[in-house]
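Inside the fold
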Amino acid sequence: MTSTLYQQIQQLYDASSGLWEQVWGEHMHHGYYGPDGNLKKERRQAQIDLIEELLAWAGVPSEKALCESYRILDVGCGIGGSTLYLTEKFSSIAENNLKLDGGRDHDFSRSPELNKTGATVTATGITLSPVQANRATERAKIADAQSNVNFLVADALNMPFPDESFDLVWSLESGEHMPDKIKFLQECCRVLKPGGTLILATWCHRPVGETAGELTDEERKQLAEIYRVYALPYVISLPEYEEIVRSLPLTSIRTADWSKAVAPFWDVVIDSALTPSAIWGLLTSGWTTIQAALALGLMSRGYQSGLIRFGLICAVK
C-alpha cells in the first residue's frame, strides 16, 4: 500500500475512532434495516443484525466447521467490534454443539483435547491504525477474550501470515480502502485454508458497461469527493469484484447487492451526529474527522441516486 495513502487512512482512523466509539459504539460499519430498508431499528442493533445477516447469507459457520479448531481473520477490524462478536458467537456455538452430543466424537475425528472442550475459536484482527489496534486490544481484555483474540497493525496487501492460515476471512467495509483490489483479494485467498470461507462486504459504485452506461462526469465528481474525505483510492463495481474473485482458486461464489438494506444507516448517523456531545466531540477531534462528518450527506445522496452500492461476495477455497 502506498505510503501516502497508508498515512491518510491511519490518520483518519487514529483521529476519528475514539469519537465514533463514544457516540456510536464499537461497530464501525453499516446497519441492516431489512431487505427493502424499511425496518425501524436502534442503530447498534441494526449493525449487529448486519453481521448476523451476512453470516446467514454465507452459511457460516457450518456445524462441521466448528468440530475442530477454527481461526478467523478480520481484515480492517476497526476497534474489534466484529472480531470480538464473531469470536464470542462461534465459541458459543461450538460449546453448545459439544453439550448437545455429550462431548462424544462419533466419527473419531476430534483430538482428545477437543473432545473435552469443543472447538477452540481464535481470531486475529488487522488494521492500519495503531490507535484502533490498541483500543481493540483493551476491549478484548475487558471482555476477558485476550487469550483467543489478537490485533495487529498490518497491511492487508502484504499480510504477515503463512498460506492457508484461516478458516474464515472476514472483510466488512475495508475493500474500498485497498489501492490494489486484485492484490487484496489474492492475499485473502492466500491466507484462507482449503474449505475455508471468504466473506467480503464493501462499498462499490454502480455497475457500468453497455447496458448501464459509463459513469457520468457528475458521478465521477461525487466519487472523487467521497474518496478525498474517506481516504479511498477508488471503488469498483460489484461485477468487477466478482470478475476478480472468479480468477482465483475459489468456488461456490455468490454475490448480492444490499444497498437498499443498508442505505438508511447514513441518515441515522447524521441524526445522531447532531447531539451536543457529538458536536463537541467533532470540534475537538480535528479537521479530518470534521470533514468526514460533513460528508455524511454525500453517502446518503449517493445511495439515493444509485451511484453508491453495498456489495457482498462469499466464496469457498
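Bear in mind that the values here come from a model prediction, so they are computed numbers and not experimental data.

1. Notes on the overall build of the protein
When its secondary structure is counted, the protein shows 13 helices and seven strands. When the 317 residues of the protein are sorted by exposure, 53% land in the buried category. Look at the contacts in the protein between residues 6 or more apart in sequence, and 80% of them connect residues 24 or more apart. For the protein, the exposed area adds up to about 14,500 Å²; of that, 53% sits on carbon and sulfur atoms.

2. Let's talk about the confidence of the model for the protein
Looking at the protein, the pLDDT average stands at 88 and 85% of residues meet or exceed 70. Low confidence marks residues 103-117, where pLDDT is under 50. Its contacts with residues over four positions away, or in another chain, come to 21 contacts.

3. Quick look at the pairing of strand S3 (residues 149-153)
Sheet topology places strand S2 (residues 121-127) next to S3; five bridges connect them, and they run parallel. Residue pairing in the sheet places Thr124 in a bridge with Asn150 of S3. After leaving S2, the chain enters helix H5 (residues 130-142) and then returns to the sheet as S3, a path that is right-handed.

4. Points about the pattern of salt bridges
If you walk through the whole model with that rule in mind, you get 13 salt bridges. The partner of Arg135 in a salt bridge is Glu138, and the shortest N-O contact between them spans 3.1 Å. Taken together, the positions of Arg135 and Glu138, both in helix H5 and three residues apart, correspond to about one turn of that helix. The class for Arg135 is partly exposed, based on a relative accessible area of 25%. Given a relative accessible area of 42%, Glu138 falls into the partly exposed group. In this structure, Asp167 engages Lys193 in a salt bridge whose closest nitrogen and oxygen atoms are separated by 3.4 Å. In this pair, Asp167 sits in strand S4 (residues 166-172) while Lys193 sits in strand S5 (residues 192-205), placing the two residues 26 residues apart along the sequence. Within this structure, Glu21, Arg135, Glu138 and Arg139 form a network of salt bridges that share partners.

5. What about the sheet that holds S5?
Spatially, the seven strands line up as an open sheet ordered S3-S2-S1-S4-S5-S7-S6, and their pairing is mixed. Each of the sheet's edge strands pairs with one partner strand only, and the pair in question is S3 and strand S6 (251-257). Taken pair by pair, the neighbouring strands of this sheet meet at an average axis angle of 15°, ignoring direction. Of the strand pairs in this sheet, S5 and strand S7 (residues 308-316) are connected by nine bridges, and their pairing is antiparallel. Along S7, the bridge assignment pairs Leu198 with Ala315. Where H5 meets the sheet, it contacts S2 and S3, and its direction lies at approximately 170° from that of S3. Of the strands in this sheet, S5 and S7 touch helix H13 (residues 296-305), which is tilted by about 75° from S7.

The rules behind the values
Sequence positions are assigned chain by chain, starting from 1 and proceeding in written order. pLDDT decides what is reported in this predicted model: residues at 70 or higher carry local features, side-chain atom pairs at 80 or more are listed and counted, and totals for whole chains, interfaces and linings draw on all residues regardless. Note that water and hydrogens are dropped before the side-chain values are worked out from all heavy atoms of the structure. Numbered from the N terminus, helices here are DSSP runs of H or I no shorter than four residues, and strands are runs of E no shorter than two. When a residue's accessible area, from a 1.4 Å probe over protein chains only, is under 20% of the maximum for its type it is buried; when over 50% it is exposed; and in between it is partly exposed. The criterion used for residue contact is that any of the two residues' heavy atoms lie within 4.5 Å. Computed with the Shrake-Rupley method and a 1.4 Å probe, the accessible areas treat only the protein chains shown as cover for residues. You can read pLDDT as the predictor saying how much it trusts each residue, on a scale of 0 to 100. Strands are treated as partners if at least two bridges between them are detected by DSSP. Handedness is read with the strands pointing away from the viewer; a crossover is right-handed when the path from the first strand over the helix to the second is clockwise. By definition, a salt bridge exists where a carboxyl oxygen of Asp or Glu is found within 4 Å of a side-chain nitrogen of Lys or Arg. Axis definition: a line fitted to C-alpha atoms, over the contacting stretch in the case of helices. Angles run 0 to 180 degrees between N-to-C directions.

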